[in-house]
Structure formats: C-alpha cells, structure tokens
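Observations on chain architecture
Listed here are the chains, written in short residue letters.
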Amino acid sequence: MFTNIFKVLGLICIAVVVAISLYMHWLVNKKAGQAAESVGNFVVRGSVVRMVLVILAAVFLVASGLV
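Residues numbered from 1 in each chain as written. Predicted model: local features only at pLDDT ≥ 70, side-chain atom pairs only at ≥ 80, totals over all residues. Heavy atoms only, no water.

Brief notes about the UniProt feature "transmembrane region" (unreviewed entry) in the protein chain
Following the UniProt record, one finds the feature "transmembrane region" (unreviewed entry) at residues 6-28 and 48-66. For residues 6-28, the end-to-end C-alpha separation is 33 Å, with 100% helix and 0% strand making up the annotated structure. Annotation note: span residues 48-66, helix share 100%, strand share 0%, distance between end C-alpha atoms 27 Å. (UniProt positions renumbered as here; feature names shortened; annotations may be inferred. Helix = DSSP H or I, 4+ residues; strand = E, 2+ residues; numbered from the N terminus.)

Quick look at the structure:
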C-alpha cells in the first residue's frame, strides 16, 4: 500500500516541476524587457522550489522501490 502512495507522491512532484517550468518559461517570454528584477527574483525562487521538488520526487520514487 505504501508503495503506491510513494509512487503517486513522486509523480505529483514531477508534474508540479513540469508545471512550474512551463509557467516560468511563459512568464519570462511575456515579461522580457519589463521589470527584469522582479522576474529574475521569481525565477530564482522557482528554481529553488523545483530543486526541492526534484529531490523529494527522487526520495519518494526510491522509497517506493524499497518498500
């Protein structure tokens, strides 16, 4: 039972990483040349969030294989 929960949580983390990446790409293209500092701050924060989510996804997927 826990195997499925960990696998689902890992896949959700991956889906959120993809969604954040697509949103950041869209935002940077839309705001190119405007308010570069605020967009830059968002990109930095988004990158940190994506890194944490990728680590969590890896942990969940490895845990699903071990359980």
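Next comes the rest of the account.
Points about the environment of V52
As for its placement among the helices and strands, V52 is situated in helix α2 (residues 36-66). When the C-alpha positions of V52 and Y23 are compared, they lie 17 Å apart, and in sequence the two are 29 residues distant.

Things to note about a nonpolar patch on the surface
A cluster of nonpolar side chains, namely V44, V48, M51, V52, I55, L56 and V59, defines an oily patch on the protein surface of about 610 Å² accessible area. Residue placement: V59 occurs in helix α2. (Patch = residues over 30% accessible without salt bridge, like charges linked within 9 Å, V, L, I, M, F, W, Y side chains within 5 Å. Areas by Shrake-Rupley, 256 points an atom, 1.4 Å probe, with all protein chains shown as cover. Salt bridge = Lys/Arg side-chain N within 4 Å of Asp/Glu carboxyl O.)

A word on the nonpolar core
Core analysis: the biggest nonpolar cluster contains five residues, these being C13, V17, L53, A57 and F60. Contributing elements (two or more residues each) for this core: α1 (2-30) and α2. For this core, the element with the most residues is α2, which contributes three residues. In contact with L53, other than residues within four places in its own chain, are C13, V16, V17 and I20. (Core = buried A, V, L, I, M, F, W, Y, C linked by side-chain atoms within 4.5 Å. Buried < 20%, exposed > 50% of the residue type's maximum accessible area, 1.4 Å probe, protein only. Contact = heavy atoms within 4.5 Å.)

Let's talk about the packing of aromatic side chains
Evaluation of the coordinates by the stated rule reveals three aromatic pairs. Their ring planes at 85° and their centres at 5.7 Å tell us that Y23 and F42 sit as a pair that is edge-to-face. Here Y23 is found in helix α1, whereas its partner F42 is found in helix α2, with 19 residues between them in sequence. Looking at Y23, the relative accessible area reads 42%, which means it is partly exposed. The partly exposed category is assigned to F42, whose relative accessible area is 26%. Through a chain of ring-to-ring contacts, three or more aromatic side chains come together here, namely Y23, W26 and F42. (Phe/Tyr/Trp six-rings, centres within 6.5 Å; stacked < 30°, edge-to-face > 60°.)

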